[in-house]
Amino acid sequence: MDLVIAGGKRIAARATPRADLGIRRGRIVTVGRISRAERRRAGRTIDARGCLVLPGGVDPHVHFDLTIGPGMTTADDFGSGSRAALAGGVTTFIDYTTPEPDQTPLQAFGARRALADRASAADYNLHNVLVAWRPAWRADLAALVRRGAPSVKLFMIYRDRGWQADDGMLFEVMEHCRALGVTVCLHAENDALIETLTRRARARPGASAAELAMARPPLVEEEAAVRAITLAEATGARLHLVHLSTAGAARAVGLARSLGLPVSGETCPQYLALTRRKLSGRSGHLFGCCPVLRDACHCEGLLEALGAGWLDAVSTDHCCFTRAQKDTWDGDFTRIPYGLPGVETSLCLTWTLGPAAGKLSLARWQYLHTEGPSRLFGLHPRKGSLTPGAEADVVVWDPEARRRIRARDLQTDTDWSPYEGRWVSGLARHVLLRGREVAREGRYTGGEARGRYVPRKRARR
Ligand code: URP
Ligand code: ZN
Ligand code: ZN
């Protein structure tokens with residue numbers, strides 16, 4: 001063994017037994033008691049007394065280095081975003097390809113990998129965004145499965161950006177994905193409804209950022225989620241609904257699962273912790289994201305959905321812009337660069353809202369950030385697991401640490417935080433990536449980026 005993590009507790013189904021962890025050459029070799037003699041022989045010991053020992057977090061939905069329009073690229077690139085992820089306890093993330101109009105899915109994948117390989121400090125994979133469909137691309141999808149990226153991502157909205165998949169395209173892509181064993185990730189919102197309600201909202205005098213929520217009420221997501229599930233049932237495709245913001249859509253996923261359909265869903269900390277009241281006031285536009293923030297009843301409903309097993313993962317949809325970038329909205333709520341930072345504060349926020357508040361069990365919380373997403377996206381047991389043989393991505397989590405979130409303490413390249421001043425509990429005291437310490441006390445310490453692309457398997461039906 002070259003490293004021992006000693007004296008911590010592991011989260012099991014109904015208990016937190018003491019578990020030392022032995023690590024050799026980047027993999028976990030022992031989980032249980034490790035004698036003092038063995039510890040002495042190991043190169044280094046990390047003292048985890050008073051802490052929980054978790055698998056590294058897996059965030060299945062981030063956007064680093066995403067350009068959403070002329071001159072508007074997210075503040076975090078793969079370097080700063082991945083360092084922020086590690087500081088918060090997320091050791092593996094899945095980003096998205098960003099196809100240019102003339103690129104095939106395979107070309108877009110190659111270009112994105114080149115970017116991420118150069119800069120990522122954490123391990124990663126990619127979902128393949130499809131903003132159009134050509135029959136010849138079926139061969140690309142098959143090739144992407146072989147390259148370990150067996151998922152696509154489509155948007156039911158963003159017609160103005162040329163990203164939208166209408167129902168016909170969605171149906172056709174789902175048929176191909178069903179045949180190839182590819183998971184269809186979907187941003188489910190009703191574009192036509194958004195357009196109509198946005199027109200009405202803009203006509204109101206003095207339309208502010210708060211109008212964003214009026215133009216995109218819960219119905220917009222709930223209807224689209226049900227429609228998407230209906231199409232998935234008809235085609236037999238495996239469907240994953242991303243960044244769910246409404247209790248109704250989460251319930252639709254739960255119902256589909258209870259009927260045995262291969263449907264899953266994720267929500268994000270912002271939809272658990274923030275409400276649409278944040279959109280009011282002078283800085284309201286900073287909180288513009290898509291889907292929009294909701295009322296507190298949805299925050300509660302989503303937390304219940306996570307606990308009930310309707311949703312299988314917490315992602316972050318990390319997509320951050322600086323104040324200056326957000327300020328370009330110039331009073332027009334349709335021009336806000338949508339998105340919020342989140343990957344660095346994800347674990348501590350859900351810890352605070354979940355286990356620390358008695359609203360989620362320890363095991364469920366851990367599952368939602370580790371095993372859940374890694375199983376959904378074919379990374380298990382290599383990632384999201386502490387069993388012998390798994391890669392030694394480990395978080396030594398101090399459940400008692402309390403602190404206030406301050407943007408100035410965070411590693412992301414954004415100059416503000418939606419959670420500024422908020423008290424949270426839980427802190428990643430040590431974070432290991434394949435057995436190497438990369439973050440300590442919430443700070444990245446890993447030096448030169450050494451993240452790797454991790455191929456994924458097809459999810460099992
Ligand atoms: O506001 C967000 N989330 N922007 C990122 C793009 C998306 O729809 O996921
Ligand atoms: Zn989206
Ligand atoms: Zn997203």
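Residues numbered from 1 in each chain as written. Chains lettered and ligands numbered in written order. Predicted model: local features only at pLDDT ≥ 70, side-chain atom pairs only at ≥ 80, totals over all residues. Heavy atoms only, no water.

(A) Expanded view of the nonpolar core. Counting 129 residues, the largest nonpolar core has Val-152, Leu-154, Ile-229, Leu-239, Leu-241 and Trp-397 as the members making the most contacts within it. A per-element tally of this core places helix H8 (residues 218-235) first, with seven residues. If you count residues domain by domain, this core takes at least three from each of domain 1 (3-54 + 386-418 + 425-444) and domain 2 (60-376). In this structure, Val-152 is in contact with Asn-128, Leu-130, Leu-141, Val-173, Cys-177, Val-182, Thr-183, Val-184 and Cys-185, ignoring residues within four places of it in sequence. Counting 14 residues, the second largest nonpolar core, distinct from the first, contains Ile-28, Leu-386, Ala-392 and Val-394. (Core = buried A, V, L, I, M, F, W, Y, C linked by side-chain atoms within 4.5 Å. Buried < 20%, exposed > 50% of the residue type's maximum accessible area, 1.4 Å probe, protein only. Helix = DSSP H or I, 4+ residues; strand = E, 2+ residues; numbered from the N terminus. Domains from an automatic or database assignment. Contact = heavy atoms within 4.5 Å.)

(B) Molecular detail of the coordination of the zinc ion (ligand 3). Ligation of the zinc ion (ligand 3) by protein atoms is provided by His-61 (NE2), His-63 (NE2) and Asp-317 (OD), these donors lying 2.0 to 2.1 Å from the ion. Of note, the zinc ion (ligand 3) draws all its donor residues from one chain, in the sequence arrangement H-x1-H-x253-D. Separation of the zinc ion (ligand 3) from the zinc ion (ligand 2) amounts to 3.7 Å. Across the pair, exposure class does not vary: His-61 and His-63 are buried alike. (Donors = N, O, S within 2.8 Å, 3.2 Å for Na, K, Ca; no water.)

(C) Up close: empty space enclosed by the protein. Counted under the stated rule, the structure contains two cavities of 30 Å³ or more. Around the largest cavity, the lining is made up of 13 residues, and of these Pro-341, Gly-342, Thr-345, Leu-410 and Thr-412 lie nearest the centre. Residue composition of the lining of the largest cavity, by class: six nonpolar, six polar and one charged. For the lining of the largest cavity, the two domains that each supply at least three residues are domain 1 (3-54 + 386-418 + 425-444) and domain 2 (60-376). Computed from the structure, the second largest cavity encloses a volume of approximately 30 Å³. Surrounding the second largest cavity, Pro-150, Ser-151, Thr-183, Leu-376, Phe-377, Gly-378, Arg-456, Lys-457, Arg-458 and Ala-459 form its lining. Of the residues in the lining of the second largest cavity, the class split is four nonpolar, three polar and three charged. (1 Å grid on protein atoms, 1.4 Å probe; cavity = no way out; pocket = protein on both sides within 12 Å on 5 of 7 lines; lining within 4 Å. Points joined across faces, edges and corners; volume = space filled by probe spheres on them. Nonpolar A, V, L, I, M, F, W, Y, C, P; charged D, E, K, R; others polar.)

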